[in-house]
Amino acid sequence: MFPTTGLFSKVICPDYSSCKLNPCLFSHNPPPRPPPPPRPPSQQPTAPSQPLPTVPQKRASSATNLPTTAPKALKLSQPSSKSSSSSAVTPKQETTTPTSGPSSRFSSLPSTSSLPPKLAIGPPRLTSVGSAHTPLATRQKLVTTLFEQFVTLYSSLPDQLRARQLAHDHAKEQEATLYTRSNKATYRQAVISALARLKKRSLAQSEDDTGTLEQEAVRTKAKEELEKGRLTRTRLKRYVSDPKTLALYDYMLDVPPGPGGDIPYEEAKVQPCDRCKREYVVHSDLSEEDLMVCAYHFGKMVTEVIGGSKQRVYSCCPSSTSVDVPCQRGPHVFRDKDVGQLHSRVPFVTTDSLKSAKENLKDKCEVVALDCELVYTTSGMSLARLTVVGHDGQVILDEHVRPQGAVVDTNTRFSGVKEDDLQKAVLDIKGVREALGRFVGPETIIVGHGLENDMKALRLVHKQIIDTAIIFPHPRGVPFRHALRNLTRDHLGKFIQEGGSKQGHSAVEDSLAALELVRHKMRSDIAAGRE
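Worth saying up front: this structure is predicted, and the values here are computed from it rather than measured.

This paragraph deals with a nonpolar patch on the surface. A surface patch of nonpolar side chains, amounting to about 400 Å² of accessible area, comprises Leu7, Phe8, Val11 and Leu25. Counting through the fold element by element, phenylalanine 8 comes out in the segment before α1 (103-106). On the basis of relative accessible area, phenylalanine 8 is assigned to the partly exposed category, the value being 41%.

Written out as structure tokens, the structure is:
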């Protein structure tokens, strides 16, 4: 047998625990123990007479540089009074004597995660994407010039940090628009022309005045359209109806004779029901039977083609078999149609007789739209809500009114008024007229649809009237007239009065619809050269 050369004598036998070879080529000496892992800093021994002080935080060292033996206690000088105790942190695994330097100053700075995101307040940085008709360097130079011009335009804004953000965004958007619309030959000239137009713009006073050239053009066009549709007394004067036309449509032109208000209620008197036309005794104490005694149709009689022939039916029940079969039940109600009777409930007054209408005439509105809602009471139909809208569509008065007499039926299907609304009302008819006088004077033009009923509800005589039922006349003439919802649908393409029986009509919606119809009429005449 050949002797061994000892090449594997230092290599631990793979079968160290179970090897039976003798001799074995490999070593059977016990393997050395691995060095113990380093102790954490909190468990490292320190000198009992000197506690380990805290030191400024240092960067953690790698595991290969950790000492294999426990370090001796460090002897450090006490921190100066200028250093905050909150800036000291527990030392990490590596414990060395701190060197003099700025490390202690950075311990009080906020972390990166707590800093605000980086704001784009400088010139936009363009990047090349795909093929380009203009070199990127040229585009970058021109977009920087656009940015500087936008910064100048926004120099009057109170928040200059926000101003530079807007300048950054608008310069980038403006350059992208010009680049897309141009080519290699026209790009530079397009940017130069845009800069010339920007220099002519006034300094922006608010964020609403900022934007690219295209955004400014949109704003300018909107202002022009608004100005074209601006309703003024001068523009609308020709649509005001003359006294003869107003009288034809049953408007009050003069206050009836007598003091008025001498018969405010009809309690215990006989009146014909406004719904079923039967006579009944008016009283406010209604029983369960009284609340359901009246059977009626709430719709109007209209002509429909049924079975190839024209027939008169109710709009609420458009079938020939339902004419004699009422679809609703409720209490008996009445309404006064005679002017003398209306005057006896609440006296009529003229606009110039209102105390509030005489004050500050220069501050009165030139044009308003008005709509009233009424409820059935023991005084007939009484005013329950007044809504007034300015020429710009803003509501300037919207008040529920305490009706005169006991309420019999709120007529919510048409009035939109509910019992809760009346319980919250503060003003009566006289008080709400004085409130109206704050905005309406004798020369104010009042716009509405079927305003003769609203003026009678207010007991107000006013002659500066534009009624959409008059300026959009029915082809069959008086007394026929278009419904407001039909005019709005046909001329404006909008649908109104779709609240149903629970919501009813909206006085604000009706006022705005009348105002927009007049605006549509004025614009149409201007476009056709009929100014």
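Moving on from the coordinates now.
Positionally, threonine 134 belongs in the loop between α1 and α2 (136-153). Using a relative accessible area of 7% as the deciding quantity, one classes threonine 134 as buried. A distance of 2.7 Å separates the side chain of threonine 134 from the side chain of histidine 133, its partner in a polar contact. Residues contacting threonine 134, with those up to four places away along its chain left out, are Arg139, Tyr179, Lys184 and Tyr187.

On average, residues of the chain score 83 in pLDDT, and 80% of them are at 70 or above. Across residues 43-56 the pLDDT falls below 50, and counting only partners more than four positions away or on other chains, this stretch makes 21 contacts in the model.

Attention shifts here to the environment of glycine 405. Tracing the chain through its elements places glycine 405 in the loop between β10 (395-400) and β11 (407-409). Taking the C-alpha atoms as reference, glycine 405 lies 9.6 Å from methionine 381; in sequence the two are 24 residues apart. With residues up to four places along the chain from it excluded, the contact list for glycine 405 reads Tyr265, Thr377, Thr378 and Ser379.

Quick look at the pairing of strand β8 (residues 367-377) now. Counted residue by residue, β8 has eleven buried out of eleven residues, so it is predominantly covered. With burial as the criterion, each face of β8 is covered, one bearing Val367, Ala369, Asp371, Glu373, Val375 and Thr377 and the other bearing Val368, Leu370, Cys372, Leu374 and Tyr376. By the bridge criterion, three bridges tie β8 to strand β12 (residues 445-448) in an arrangement that is parallel. Looking at β12, one finds that valine 367 is bridged to isoleucine 445. In the sheet, β8 pairs with strand β9 (residues 380-390) via ten bridges, with the strands oriented antiparallel. Bridge pairing links tyrosine 376 to methionine 381 in β9. Following β8, the chain reverses through two residues before pairing antiparallel with β9. Pairing analysis gives two bridges linking β8 to β11, with the strands arranged antiparallel. Counterpart to tyrosine 376 in the pairing with β11 is aspartate 409.

With 35 residues, the main nonpolar core has Leu370, Leu386, Leu436 and Leu458 as its most contacted residues. Sorting the residues of this core by element identifies β8, β9, α12 (429-437) and α13 (451-458) as the ones contributing at least two each. What leucine 436 contacts, discounting residues up to four positions off in sequence, is Leu370, Leu386, Val388, Leu397, Leu458 and Leu460.

Definitions and limits used
Residues numbered from 1 in each chain as written. Predicted model: local features only at pLDDT ≥ 70, side-chain atom pairs only at ≥ 80, totals over all residues. Heavy atoms only, no water. Patch = residues over 30% accessible without salt bridge, like charges linked within 9 Å, V, L, I, M, F, W, Y side chains within 5 Å. Areas by Shrake-Rupley, 256 points an atom, 1.4 Å probe, with all protein chains shown as cover. Salt bridge = Lys/Arg side-chain N within 4 Å of Asp/Glu carboxyl O. Helix = DSSP H or I, 4+ residues; strand = E, 2+ residues; numbered from the N terminus. Buried < 20%, exposed > 50% of the residue type's maximum accessible area, 1.4 Å probe, protein only. Polar contact = N/O pair within 3.5 Å; in protein donor to acceptor, adjacent residues only side chain to side chain. Contact = heavy atoms within 4.5 Å. pLDDT = per-residue confidence, 0-100. Pairing = 2+ DSSP bridges. Core = buried A, V, L, I, M, F, W, Y, C linked by side-chain atoms within 4.5 Å.

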